[in-house]
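Each chain, letter by letter, is given below.
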Amino acid sequence: MTEPRDPPIEINVGGWLEAVTFSANGEYLLSGGEGGVRVWRVEDGRQVATMKAWQVQCLAVSEDGRWIAGGTFRGSLFVWDAETHEQVLSHWEDSRNINGVDFSPDSTRLVFASSNCRASIWDIPARERVLQTRYHEDTVKAAKYSPQGDRIATTTQNCVRVWDSNDGHMLVAIDVSVTPWDNTALLWFNHHLLVISESKIKQFEASTGSTVSEWPILSSNRFSCIALPKHRPEFIAYSTNRAVTFWDAATHVQLGVIKNTRDTWSTALSPDGRFIATHVGEGKITIESLSSITDLIPLARLHSTFQEPDIQIDDATLRSWKRNQLVNTESLLTETINESRNHQILASRALVRARLRQWDAADTDATESIKIQPSVIGHIAKSVALVGKGEKHKAYRACDIAFERFHSTHVTFLLLIKAVIVFMAGEHDDAISRLDDLINTVQFNSICYAAYMHLLLGTSCMEIGDYNGAIQLFGRARAQTRYQSSQALSVVSLISGWKFDDLDITTQQRLCEALYAARRIKEATDQSLLNIGKSVDKSSIMWVSEFLQRCLSTPESSVDATHHSPYPTPALREWAKLKLTSGSWKDALAAARDFTASIFTIYWVLCDCLEMINHMTDTVECFRQMKSELAGETNGHGEHAKWAMNFSQRCAEKLEHLGDIAAEAQQHDEAITQYSTVLSLSPAVPRDVLMKRSKVYMAKGSWEDAIDDTNQVIAFDPLTPWGYERKHAALHGAGRYEDAISTFETMLLKISQSPHPEIRERLREYVNPEQTKAAIRVSIEIAIRESPLALINTDSGRLLDKSGQARSFESQSIFLELISSMTTHIDHPRIDCEVVEYYRYATFSHKWEDNEPLFENVIRIVVYDLEKSLTHDKLQMFCKIVHDSGFHWAWSDTCCINKADHFVLQEALVSMFKWYEGSSVTIVLLRGVRSPSKRGDLVRSIWNTRVWTLHEYHASKVVRFYTEDWKPYLDLDIPNHKESPEIISEMEEATGVSARALMSLRPGLDNIREKLRLASTRRTTRLEDSAYSLLGIFSMSLGVVYGEGDKALGRFLAQLLTSAGDTSILAWTGRSGSFNSCLPASIAIFNQLPTIHIPLAVERADMDQITAKLRSSLLDSSSIMRLYDRLHALPVPSFVGQRMKLPCIIFKLGRLSTSRCASDHVFLAQTSSLGVVEIRTEEDLSGFGSLYLVHPWIDFLLNCQPVGSVVETIPEEFIDDQSSAIGKLPSFAQAGPSNISAVTQTPRTRAAQLVARLGLPFGGRPATVPSLWSPSGTPLFRVPSFANSLRPPSSISPTEVQTLALQVIARLRQPFGALLLTPDLCNVAAYRRVAAESLITVQVEEITPTILNKLIDSNSELSTIPFTASAQIPLPLNQGCGQRNNWRIKLLSGPQRTVYHSVDGPSRSLKTQHLPGPPRDKPLSRVSSYSKSLLPPSSLSPTEMEMRALQVIARLKQPFGALLVTPDLDNVKAYKRVAVESLITVQVEEITQTILNKLIDSVHTLDVL
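Residues numbered from 1 in each chain as written. Predicted model: local features only at pLDDT ≥ 70, side-chain atom pairs only at ≥ 80, totals over all residues. Heavy atoms only, no water.

Regarding its fold elements, the protein presents 51 helices and 49 strands. A sequence separation of at least 24 residues applies to 60% of the contacts in the protein between residues at least 6 apart. When the accessible area of the protein is evaluated, it comes to approximately 68,400 Å², of which 51% is carbon and sulfur surface. (Helix = DSSP H or I, 4+ residues; strand = E, 2+ residues; numbered from the N terminus. Contact = heavy atoms within 4.5 Å. Areas by Shrake-Rupley, 256 points an atom, 1.4 Å probe, with all protein chains shown as cover.)

Attention now moves to the environment of Ala671. If you trace the backbone, Ala671 turns up in helix α24 (residues 668–680). Along the primary structure Ala671 and Tyr697 are separated by 26 residues, whereas in three dimensions their C-alpha atoms are 9.3 Å apart. Beyond its immediate sequence surroundings of up to four residues, Ala671 is in contact with Gly659, Ala662, Ala663 and Val696.

Further remarks concern the packing of aromatic side chains. Two descriptors summarise a pair of aromatic rings, namely the distance from one centre to the other and the angle between the planes of the rings. All chains considered together, the criterion is met by 32 aromatic pairs. Note on Trp215 and Trp247: the rings are 6.4 Å apart at their centroids and 50° apart in plane angle, and the pair reads as tilted. On the criterion of sequence distance, the pair formed by Trp215 in strand β21 (residues 211–216) and Trp247 in strand β24 (residues 243–248) is long-range, its members being 32 residues apart. You'll find Trp215 and Trp247 in the same group, each marked buried. An aromatic cluster of three or more residues is present, and its members are Phe600, Trp604, Phe623, Trp643 and Phe647. Over the face of the ring belonging to Trp1068 we find Arg1329, whose NZ or CZ atom lies 4.1 Å from the ring centre. (Phe/Tyr/Trp six-rings, centres within 6.5 Å; stacked < 30°, edge-to-face > 60°. Buried < 20%, exposed > 50% of the residue type's maximum accessible area, 1.4 Å probe, protein only. Lys NZ or Arg CZ within 6 Å of the ring centre and 35° of its normal.)

Here the focus is helix α28 (residues 737–752). When the terminal C-alpha atoms of α28 are compared, their 23 Å separation across 16 residues agrees well with the 22 Å that a helix rising 1.5 Å per residue should span. Listed as buried for α28 are Ala740, Ile741, Thr743, Phe744, Met747, Leu748, Lys750 and Ile751. Among the structural elements, α27 (722–733), α29 (757–761), α30 (769–785) and α32 (813–821) are those in contact with the buried residues of α28. (Expected span 1.5 Å × (residues − 1).)

On to the sheet that holds strand β1 (residues 9–12). Strand order in the open sheet formed by four strands is β1-β28-β27-β26, and the pairing between neighbours is antiparallel. If you trace the sheet from one side to the other, it starts and ends with β1 and β26 (266–269), each paired once. For this sheet the average axis-to-axis angle between neighbouring strands, irrespective of direction, equals 20°. (Pairing = 2+ DSSP bridges. Axes fitted to C-alpha atoms, helices over the stretch in contact; angles between N-to-C directions.)

Once that is clear, we can look at the pairing of strand β6 (residues 56–61). Of all six residues making up β6, six are buried, and the element is well covered by its neighbours. With five bridges connecting them, β6 and strand β7 (residues 67–72) associate as antiparallel partners. Residue pairing across strands places Val56 opposite Thr72, the latter belonging to β7. Taking the residues that link successive antiparallel strands as the turn, the β6-β7 hairpin has five residues, and the phi of Gly65 there is positive, at about 75°.

This brings us to the pattern of salt bridges. Within this structure, the stated rule accounts for 50 salt bridges. A salt bridge links Asp660 to Lys692, with the shortest nitrogen-to-oxygen separation between them at 3.2 Å. Linking Asp660 in helix α23 (residues 639–664) with Lys692 in helix α25 (residues 687–700), this pair joins segments that are 32 residues apart in sequence. Note on Lys692: relative accessible area 27%, which makes it partly exposed. The shortest N-O distance in the salt bridge between Arg764 and Glu761 comes to 2.5 Å. (Salt bridge = Lys/Arg side-chain N within 4 Å of Asp/Glu carboxyl O.)

Turning next to a nonpolar patch on the surface. Taken together, the side chains of Leu1459, Val1461, Leu1502 and Val1504 make up a nonpolar region of the molecular surface, amounting to roughly 330 Å² of accessible area. Within the secondary structure layout, Val1504 lies in the segment after α51 (1489–1498). Its relative accessible area of 49% is what places Val1504 among the partly exposed residues. (Patch = residues over 30% accessible without salt bridge, like charges linked within 9 Å, V, L, I, M, F, W, Y side chains within 5 Å.)

Glancing now at the nonpolar core. Ranked by size, the top nonpolar core spans 117 residues in total, and within it Met453, Trp575, Leu606, Phe623 and Trp643 carry the most contacts. Sorting elements by how many residues they give to this core places helix α20 (residues 599–612) first, with nine residues. Apart from residues no more than four positions distant in its own chain, Trp643 is found in contact with Phe600, Trp604, Cys607, Asp608, Phe623 and Met626. One finds Leu800, Tyr838, Leu1049 and Met1140 within the second-largest nonpolar core, a separate group that totals 109 residues. (Core = buried A, V, L, I, M, F, W, Y, C linked by side-chain atoms within 4.5 Å.)

A few words on the sheet that holds strand β11 (residues 109–114). If you trace the four strands from one edge of the open sheet to the other, you get β10-β11-β12-β13, paired in antiparallel fashion. In this open sheet, the two strands that pair with only one neighbour each are β10 (98–103) and β13 (128–132). Between one strand axis and the next, the sheet turns through 25° on average, direction left out of account. Pairing of β10 with β11 involves five bridges; the strand directions are antiparallel.

Let us look at the packing of α30 against helix α31 (residues 802–810). Helices that pack against each other are described as a pair by the angle of their axes relative to one another and the distance between those axes. Direction vectors running N to C along α30 and α31 enclose 135°, while the axes themselves pass 10 Å from each other. On the basis of their axis angle, the class for α30 and α31 is oblique. For α30 against α31, the interelement crossing comes out right-handed. Here Ile776, Arg777, Ile780, Ile784 and Arg785 of α30 come into contact with α31, specifically with Lys802, Gln805, Ala806, Phe809 and Glu810. Looking at the contact of α30 with α31, its residues break down into five nonpolar, one polar and four charged. (Parallel < 35°, antiparallel > 145°, perpendicular 65-115°, else oblique. Left-handed = near helix turned anticlockwise from the far one by under 90°. Nonpolar A, V, L, I, M, F, W, Y, C, P; charged D, E, K, R; others polar.)

Residues Ala142 and Lys144 of strand β14 (residues 142–145) are buried on one face, and the alternating residues Ala143 and Tyr145, pointing to the opposite face, are buried as well. Two successive antiparallel strands, β14 and strand β15 (residues 151–155), enclose a turn made up of five residues, where Gly149 displays a positive phi of approximately 85°.

Moving on, we come to the side chain of Gln876. With respect to the secondary-structure elements, Gln876 resides in helix α35 (residues 870–884). Among the residues examined, Gln876 registers a relative accessible area of 16% and is labelled buried. A polar contact of 3.0 Å, which involves the side chain of Gln876, links it to the backbone oxygen of Val863. (Polar contact = N/O pair within 3.5 Å; in protein donor to acceptor, adjacent residues only side chain to side chain.)

Below, the discussion takes up the packing of α30 against helix α33 (residues 828–838). Two numbers describe how α30 lies on α33: the axes approach to 9 Å, and their chain directions differ by 45°. Here α30 is positioned oblique relative to α33, judged by the angle of their axes. Here α30 and α33 pass one another in a crossing that is right-handed. Here α30 contributes Ala775, Ile776, Ser779, Ile780 and Ala783 to the contact with α33, which in turn contributes His828, Ile831, Asp832 and Val835. Among the residues making up the contact of α30 with α33, the classes are represented as six nonpolar, two polar and one charged.

Once that is clear, we can look at unusual backbone geometry. The omega torsion of the bond from Ser931 to Pro932 falls at 0°, within 30 degrees of zero and hence cis. In this structure, Arg357 is a non-glycine residue whose phi angle is positive, near 65°. Structurally, Arg357 can be placed in the loop between α5 (343–355) and α6 (359–372). The phi angle at Leu970 is positive, at roughly 60°, despite the residue not being glycine. Note on placement: Leu970 falls in the loop between β34 (959–963) and α39 (981–991). For Leu970, a relative accessible area of 21% translates into the label partly exposed.

To continue, consider helix α26 (residues 703–716). Along its 14 residues, α26 runs 20 Å from first to last C-alpha, staying within 8% of the 20 Å computed at 1.5 Å per residue. Listed in full, the buried residues belonging to α26 are Ala706, Ile707, Asp709, Thr710, Val713 and Ile714. Looking straight down α26, one finds that the buried residues subtend no more than 165° of arc, so they occupy a single side. Counted as exposed and oriented over 90 degrees from the buried face of α26: Ala715 and Phe716. Those residues of α26 that are buried are in contact with α25 and α27. (Arc of directions from axis to C-beta.)

Turning to the confidence of the model for the protein, a few remarks are in order. Per-residue confidence for the protein gives a mean pLDDT of 78, with 80% of residues at or over 70. For the protein, per-element mean pLDDT is lowest for helix α17 (residues 558–562), which scores 38, and highest for strand β32 (residues 889–891), which scores 97. Below pLDDT 50 for its whole length, residues 298–309 participates in 27 contacts with residues either more than four positions away or in separate chains. (pLDDT = per-residue confidence, 0-100.)

The next subject is the environment of Leu818. Mapped onto the elements of the fold, Leu818 is located in helix α32. Its relative accessible area of 0% is what places Leu818 among the buried residues. Residues in contact with Leu818, not counting those within four places in the same chain, are Thr772, Ile776, Phe809, Arg830 and Glu834.

Rendered as C-alpha cells:
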C-alpha cells in the first residue's frame, strides 16, 4: 500500500458523520453516518462500497478482517461481510441508540453498548444473543473486549465496569467520571484500562480497579477520543478540539501533535500505526501519514537518551520474536538479510540464534555485523554468543568495548546488560551484586532484574530438593518484584528469553510450591490466598484453585486430621469460589470429599458461594441435596438446623428479589425460574410469589399457567378479591372473555363484602360490566344511526334491520373483549373505534336487471343460499367481495329497501346519497364489460348511462370498478379506483367535465346548472327518478310520489329554485312541464348547448365608458335611483305550491303581425322599449288576448350572484353584536347540505340576502346562513339598498350609489333572452309561460327618459302557474327542442347557500261551498287577466281599469262561506277562528254607495292565531 500524498488526502462524505475506523489490513477506511457505512480506499480516497443503514454512530472491524459491525441512533445493530459487503446480521434493540460495538479477539462474538443501560454479547455464527450484563445506573456509553477476550469493559457517565465475558458477572467497578459520550473514551492496554476523564488520561489495573497512572492532556469534551494501533501498541493518539496529540504508551511522554483548522469529532489509527484518519466536521475526513511520529518511537525503546537505533526490524518479525516463535523469526530475518545485509538485521539474527543455542552461527552474525558497522546491539549480540560458547571472558570484553566506543549516556543500560550476561555465564552472585550496585549507586530501576535472577536461583534449589533455600530465594524475589513497563525490559526479554510479564505472580506461585513441599501447609495456604488478588488470567486462577485443593486435602499434622473446625475456613471459601467459577458445584463437591473438613462444612461453603455469585438455581439444588443427605443435622434444633432454616429463608428472599429484577427487565423465563425455585423452598406465605409468577406468565403469554397460579392464590385465601382480579386478567389474556367477566364480577362482590373499609372504598375504582355494556350500546346506536335501514351481514348472509344490526355486535367476541378489558374506566374512544370499524359497510352500484332479488325475497333467507341465477350470482359475488375486503356489512339498492313500505321508500330515496357517502367503499359492476378490459369500456358501459349511478359515484369516497366477471377494471391494483388517472380520464370523457371540476363537485346548491346538465345525459326507467335521483347531490328533501310523472321534476326544480334563487333554471326552450309552465317537462332539456338567455357581462372598461356617457345624458338621476331602488326591492324568485313568484321587468307586446315560414309561424310585434320583436313558433299566437316579454335576470342587472351559486358563510362569532344599522340576529343552529332536516325560510328580498353576507371574511370557508325572516314571513329588519357591497350603508357615498345605479342602466342595454308570458284564462291572478321553439333575443335599443319611466313602472313580481286543460297551448315535444334553438347556460359557481324551502308535494285544490261561484246575473265568458296583476296602473287603459273594478263588484255579490273570528284574550292585536258545526253562508244583497264605502274601510289583514 502506497503512502498518502502530501498534503493529506481529504474525503468529503457529505451529510452527517459520526464514526471512522480502518479495515483489518489498513488498506481501507470506513465511515459511518446518515448514509450508512461507506468504504474508502486509503491510497487515493476513492469510495469503493456502501452498506445501507440509517444514522450509523459506531463502527468496528473484526481482528480477522471478516466482519464489519455498526450501531445506529435508532437502536439497530448490523453486521456485514467485509468482503462482499452483504448484511449477515440485523437486530433492533429496544432503545434509542447503540453507542459502541467491539469484536472479540477470535472474531466470533460481538459486544455492543446501548441506551437501555446494558451491554449485550452476540454470537455471530449462531446469530443470537448469548449474554447480557446487569442493568447499569445510566446509559452504557462504551463496551470493549480485553485483548485476551475473557473480559469486557463498559463505561457510563460515572463508572467503568469490568465483566466476565463468559458468564456476565461483574468483576470490578471503578468510580471515575468519563468525559466523552461514546465508544472513543475507553481502551484496553494489556491488562490495564485507559479512560479519558476530566482532562486526563487515567490508567487503571483491570483486575483490581486501582489507579496505575494518570497524565494531563488538552481539555477534554464530549467528542474527545483516544486510539491505539492494534499491531503497534506503543503510542496513543488523543484528539480534542482542533488538535491530535501523540503519547508514548510506556513513558507517557508526548511525541508530537497534529493541528487542524476545524474541530475534531473522531479519530482512528490504522492497525500498523502508519496512518491517522480524522473526522473534522461538516462530513469531511482527512488521512495523514504518521511517519514523523512513529520515527520517534524506536529511539525511545532502550533509553530516552539513545541517539542510535537499537533493534531495527519490521513489525512482523518483531511480533514473531516477542511471541517466542524463534525459528520463524530467524527465517524472516534471513530473508531480509538475503536482500540487504544490514548490520542491525545481522545483530538481531545473532541474538535469535543465540536463543536457539546456535552459538557459532550467532557469533558469526555478530562478528559480521560489527565488521559492517559497530553498534551497541552488535557488541551485545557478540557477548551473548561468546557466553553460550563458554568463552565468558571474551564475552565480558565485548561488553567493555561497547563501554569504550559509545556515549556515556549508555553506560547504565550497558551495565544492566553486562549483569545479565554475567548471570547467563553462571556467575550468579556476581551478577546479583552488580545489580545491587546499580540500584544503590545510580538508582537505576533494575530491581525486577534482580528479582528474576533470584527466581531462577530459587527454581534451581527446588530441583535439588533444597526447599528452605528456595523459600528464602523466592522470598527475596518477591520483595524485589515491582511492576514496571519499559522498553529496556522488552530488550532484555528479547536477548535472554526472560519473561517479566506477571513476574510477581510467578514468584508467588513458586514460593507457595516451596512451602508446600516443605510441609508448611498453613503458610502455603496463606500465601496462595495472597496470590488470588494478583491472578488475572484463567491459568493463574486455575493454579490457585488446584493448589488450594491440594492444601485442603493434606493435613499439616495428625492432630489436624482428626480435630477440624466446624466452621468454614478462608482457604475453603476461596477454593470454593475459584472452583465454582470454572466448574459445577457437583464437581466441586466430589473434589472436596477428600478434604479434612466435614461434609456439612463443605455443603455450607458451597451453598454460601453459590448464593454469593447469584447461581441461585444451583444454590437451591445444592441445599436440597444437603438436606436430603444430612437430614438429621438440618432438621433438628442444633446450630446446623438453625443455619439451614436461616439459609432457606435468605435464599427465598434473594430468589424473589432476583425474580423481581428479571420480571422488570422482561426476562420472563428467568423470572419464572426464580419464582418457581422460591416456591420449591416451601415459603411460609406463597401467595405473593404465586401472584408475581402469574403476572410473569401473563407477560410471557402463558395464560393457562397464569390461571393455575391464580387458582392456587384463590384457594389459599378465597375471601380476598385480589386473586380474582389476577385471574380475570389471565382469563382475559387467554381469550376466555365470558369467564373473565364472571370472575371480575366475583371480585367486585368480594370487594363489596369485605370486612375492611379500605377495601370496600376501592370499589369506586372499578367499573361494573353493565356500565360498559350500556356504553357500548350507546356507541352502537350512534354508529348505525346514519347507516341504511337494512344491511346484509356478509358473515351470515342475513338481511338485518337496525335492531338486528345492533344485536349482531353483541354476538362478536370483541363485545365481550371490550367489557372484559374495561375494569377501571370506560374507554369511550376505543369503544367508538371498534364499533365504527365493525359497522363499516360497502354499497353496490350497478344497473338494475330483470328478476333482481328484492327485499321480500331475501328477508327470510341467507343470501348465499339463493337459487342460482344471473342476478342472484351478482348479489352473492358482491357480498363475497365485500366480506373478503374485511367488511361485515353490505348494502344493495335491490334488496335492502322495503319498497312496499312507502315511508321506508321515502326515507331511502332521500337518504341514499348520504348512505353512499357514508360507505367505506362502493363496488361498481360494469355489466357488459368483460376482462381483459380496456380503456373506454367504462365510457361505453350501460352503468355510465343511468342517472342513479351519477350520485352513487360522486357520493362515494372510495370506489372500485369490476367487470361483469368480477375482475378489477383495467386490472387496477389500488384501493381507490376513483383516484386512478385512468378512471379520472374516462369519467372526464364520459361527462364532458374537466377532471378537476368533476372531483370538486360536492352535495349542495352550487354548480346547479352543471349538475343538471350531468343528470340530463343519463336515463331512468321511471320518469320520476329523474328528480328523485338528484336529491342527494343537491342536498334536498322531497316527498316521493311515484305515478305523478313529470310533476316530480317540476316539484324538484321548484324547490331548487326557491332554495337557491338561481334563475338559470328558467333558461331553456322547449315543452313546459305540468307542474308549472316555467319549468321544463324533461330533465333532458338541460343537456342543450349553452344559451344566451342570460345577458353577457359588461367588461369593466366598457362599463366605465358607458356610465360616463350616462352621467352626461338627459336621464333624470332621480329616475335612475328610483329604478335602482325598485329592482333592489324585488324579492328573489320562489315557489309556493305550484305558483312561482317571478321578479322581472315586463314588456307588453303590441298587435301581432304574422308570416308563415314552412311549418313555423313567425310573429312580429312592436314594443315601445324593445322595438320590433320576432317570435318563431309552430302555434298561432293571434288568439292570445295579451302577451308579455319579461326580463327575469334581475341578479345580472344588480351584478349579484344568485343565492344558490355561492356558499354564504357566517362565522361562529356572528351572533349578537352586529352593526347598529342591522340590529340583532336570532340565534340559529348550524345546518349544512348533508344534514338538512327542517325547512328554512328563504330571505325574500335581495336586500335581505345582502345583509346575510355582511361581515363575512373574503375567502371564508362554508358555514350556515341564519334565517333572516320571522315565522310569520316578515323581514326581521329592513336595509336600504346599496348594491351588493359588503360595507354598511353609512360607508357608501351618494356618488358610489349613483354609479351602481348607472351600471344597472348599462346592463339593461345588453341583449337578453326573454320569456314569453300570457295571462292565464282561468286564473286572472296568474300568468303562464308560452314555450317558444327558439330563443327570443331582445334588446332595449335606447333608454330615453320616457322609456326609463316605463321601466320603473314595469318591474314587478308575476305569479306563474301550471297549464290547465282549458288553457294549455299544446306544443309538440321536439327531441332536442329544435335545431334553431339558440341556448346559453349560465353556470354559477361558488360556495353554496344553506337556506332551503321545502315543497312537500303537488298542489291540490278541493272545491267547497266556501268559495263563491261565478256571477249568476252576468256570467263572465272571458275574464280579464289584470285582476290581481302586479302591473302598475299606468300600463292599463282607463277602460281596462274600469272593467276590472266592475268585475270585483260582480264577484262581491256572490254568496260565500264566511269564517267566524274573535279577538284573542291574550293578544289584543290578534284573532282566532271560532269553529262552527255548519257552514255560515252569507251574501251582500245589494251594494249601495254607503255599503261600498263600508266595504272600502273593511279591507284588512288580520293576524290569526
